[in-house]
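Residues per chain are reported as follows:
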Amino acid sequence: MMRTDTVVRVEAIDVLLAALGEVDTERFISMIKRDTFDYTEWRKGLWKGKSIDEIHALATEYERVRA
């Protein structure tokens, strides 16, 4: 079952608060609101020119470093 927008927002804020604290969470939200950054357009070119094997290798390395 898909979560509601409200649930997603609350969970996202909780994650931000845990990672950044109250002040930096507010700063982040302010930056997002005034920024003209288009996440959808950015994502379209994110893996351009990369093979599935290259993407897999990057994801594997990211998980290894994170662990």
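Model, not experiment: these values are computed from the prediction.

*Asks:* Explanation requested: a nonpolar patch on the surface in the structure shown.
*Replies:* Judged by side-chain polarity, L20, F28, M31 and I32 come together as a nonpolar surface patch covering roughly 340 Å² of accessible area. Within the fold, F28 resides in helix α1 (residues 5–34). You can call F28 partly exposed: its relative accessible area is 33%.

*Asks:* What should I look at first to understand the side chain of T25 in this one?
*Replies:* Here T25 shows up in helix α1. Overall, T25 belongs to the buried group, its relative accessible area being 2%. Within polar-contact distance, the side chain of T25 engages the backbone oxygen of L16 at 3.1 Å. Not counting residues within four places of it along the chain, the set of residues in contact with T25 comprises L16, L17 and L20.

*Asks:* I keep staring at the pattern of salt bridges and nothing clicks. Help me out?
*Replies:* Proximity of charged atoms lets side chains of opposite charge pair with each other. Considering all chains together, one arrives at five salt bridges under this definition. Among the salt bridges present, the one from R64 reaches E61, with a minimum N-O distance of 2.6 Å. With R64 and E61 both in helix α3 (residues 52–66) and three residues apart, this pair spans about one turn of that helix. What makes R64 exposed here is its relative accessible area of 54%.

About the thresholds
Think of each chain on its own: its residues are numbered from 1, step by step along the sequence as written. For a predicted model such as this one, the threshold for reporting local features is a pLDDT of at least 70, and the threshold for listing and counting side-chain atom pairs is 80 or more; totals across whole chains, interfaces and linings nevertheless cover every residue. In computing side-chain values, all of the structure's heavy atoms are included and hydrogens and water are not. Surface patches are drawn from residues lacking salt bridges whose relative accessible area is over 30%; two like charges belong together within 9 Å, two nonpolar side chains (Val, Leu, Ile, Met, Phe, Trp, Tyr) within 5 Å. Surface accessibility follows the Shrake-Rupley procedure with a 1.4 Å probe radius. Residue values consider only the protein chains on display as shielding. The rule for a salt bridge is simple: a side-chain nitrogen of Lys or Arg has to be within 4 Å of a carboxyl oxygen of Asp or Glu. Here a strand is any run of E in DSSP of at least two residues, a helix any run of H or I of at least four, and the numbering for each starts at the N terminus. Partly exposed describes any residue whose relative accessible area lies between the buried limit of under 20% and the exposed limit of over 50%, with all areas from a 1.4 Å probe on protein chains only and scaled to the type maximum. Under this definition, polar contacts are N or O atom pairs within 3.5 Å; protein pairs additionally need one hydrogen-donor-capable and one acceptor-capable atom, and for neighbouring residues in sequence, both atoms have to be side-chain atoms. Between two residues, a contact is recorded if the distance between any of their heavy atoms is within 4.5 Å.

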